Amino acid sequence: DAGVIQSPRHEVTEMGQEVTLRCKPISGHDYLFWYRQTMMRGLELLIYFNNNVPIDDSGMPEDRFSAKMPNASFSTLKIQPSEPRDSAVYFCASSPLSYEQYFGPGTRLTVT
Amino acid sequence: AQTVTQSQPEMSVQEAETVTLSCTYDTSENNYYLFWYKQPPSRQMILVIRQEAYKQQNATENRFSVNFQKAAKSFSLKISDSQLGDTAMYFCAFMRIYNQGGKLIFGQGTELSVKP
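Residues numbered from 1 in each chain as written. Chains lettered and ligands numbered in written order. Predicted model: local features only at pLDDT ≥ 70, side-chain atom pairs only at ≥ 80, totals over all residues. Heavy atoms only, no water.

Colleague: Please give an account of the interface of chain A and chain B that cites residues and values.
Modeller: Contacts between chain A and chain B engage 28 residues on the former and 21 residues on the latter. Here chain A meets chain B over a buried area of about 2,000 Å², counting both sides, of which 50% is carbon and sulfur. Per-residue buried area on chain A facing chain B is highest for Leu43, Tyr99 and Phe103 of chain A; these three make up 34% of the total on that side. Put simply, chain A and chain B have two salt bridges between them. Across the pair Asp56 of chain A and Lys103 of chain B runs a salt bridge whose closest N-O atoms are separated by 3.2 Å. Broken down by secondary-structure element, the contributors of at least two residues to the side of chain A that touches chain B are strand 4 (31-38), strand 5 (42-50), strand 6 (53-56), strand 9 (88-95) and strand 11 (107-111) of chain A. Broken down by element, the side of chain A that touches chain B gets its largest block of residues, five residues, from strand 5 of chain A. Looking at the side of chain A that touches chain B, its residues break down into 13 nonpolar, 10 polar and five charged. (Contact = heavy atoms within 4.5 Å. Buried area = accessible area lost by both parts, 1.4 Å probe. Salt bridge = Lys/Arg side-chain N within 4 Å of Asp/Glu carboxyl O. Helix = DSSP H or I, 4+ residues; strand = E, 2+ residues; numbered from the N terminus. Nonpolar A, V, L, I, M, F, W, Y, C, P; charged D, E, K, R; others polar.)

What follows is the structure, given as structure tokens:
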């Protein structure tokens, strides 16, 4: 199994641009999570899905952030417009029913 | 709201020695999971060990074991025979059990350095 796949691994963009982060979960996992890691706030959950349906989006910081899961094998996290304070590492994780979450390698986003 | 506290920002240990990382949490829930994740410089988050709150027996995975004290809301990680590859950030995490999965709440992390 290839594990959770995220792309791109690194993204550098200018303030005001749209950014799209992508995630392919482990096949057969029913849950998909998006986390953000920063020095100031640590690791925090942004949103998670169960069977492609968003369950809890209370961690999404503001309307500039949106996430979709059009099918069981693909999810996106979009930031529009991006701001320097969005610079962080964004992790995608997936999980079967056993509550063990498997993380992808993360996307390091830098907004200048 | 649940919170997780790791009071040791940094620790170091000599290779082959034993080290214990501390974690406390606050919750009013009775059913939950606790986890330790490792994040090496590659930044990959790796699950080290899991403990179900309803189990009294402490979880063990090879050189890694936990000391779970439910009444004290304490969940420490012991690493025996430390190896250079154990150098990493270690995160303690709490998960409340919902009907539809659960979200991880992380502590701030402990940076562990294993010295030769």
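Colleague: Got a sec to walk through the side chain of Lys38 of chain B? Specific residues and values, please.
Modeller: All names here are of chain B. Looking at where Lys38 falls in the secondary structure, it is placed in strand 5 (residues 32-39). With no salt bridge to any partner, buried Lys38 finds its closest opposite charge in Asp86, at an N-O distance of 4.3 Å. Of note is the side chain of Lys38, whose polar atom sits 2.8 Å from the backbone oxygen of Gly85. If we skip the residues at most four places from it in the chain, Lys38 touches Gln44, Met45, Ile46, Val48, Gly85, Asp86, Ala88, Met89 and Tyr90. (Buried < 20%, exposed > 50% of the residue type's maximum accessible area, 1.4 Å probe, protein only. Lys, Arg positive; Asp, Glu negative; His and termini not counted. Polar contact = N/O pair within 3.5 Å; in protein donor to acceptor, adjacent residues only side chain to side chain.)

Colleague: Lay out unusual backbone geometry with the relevant residues and their values.
Modeller: A cis amide bond links Ser7 of chain A with the next residue in sequence, Pro8 of chain A, at an omega value of -10°. Tracing the sequence through the fold places Pro8 of chain A in the loop between strand 1 (5-7) and strand 2 (10-13). Put simply, Gln80 of chain A and Pro81 of chain A share a cis peptide bond, and its omega is -5°. With respect to the secondary-structure elements, Pro81 of chain A resides in the loop between strand 8 (74-79) and strand 9. With a phi close to 50°, Asn51 of chain A is a non-glycine residue in the positive phi region. Summarising the element assignment, Asn51 of chain A is placed in the loop between strand 5 and strand 6. Its relative accessible area of 46% is what places Asn51 of chain A among the partly exposed residues. Phi angles above zero are rare outside glycine, and Ala16 of chain B is one such case at about 80°.

Colleague: A description of the pattern of salt bridges should follow, citing residues and the corresponding values.
Modeller: Within the structure shown, the criterion is met by 15 salt bridges over all chains. With a shortest N-O distance of 3.4 Å, Glu100 of chain A and Arg50 of chain B are connected by a salt bridge. Remark: Arg50 of chain B occurs in strand 6 (residues 46-52) and Glu100 of chain A occurs in the loop between strand 9 and strand 10 (102-103); the pair is interchain, linking two chains. Of the charged contacts in the structure, one is a salt bridge between Lys73 of chain B and Asp26 of chain B, with a shortest N-O distance of 3.8 Å.

Shape is all these values report; function is a separate question.
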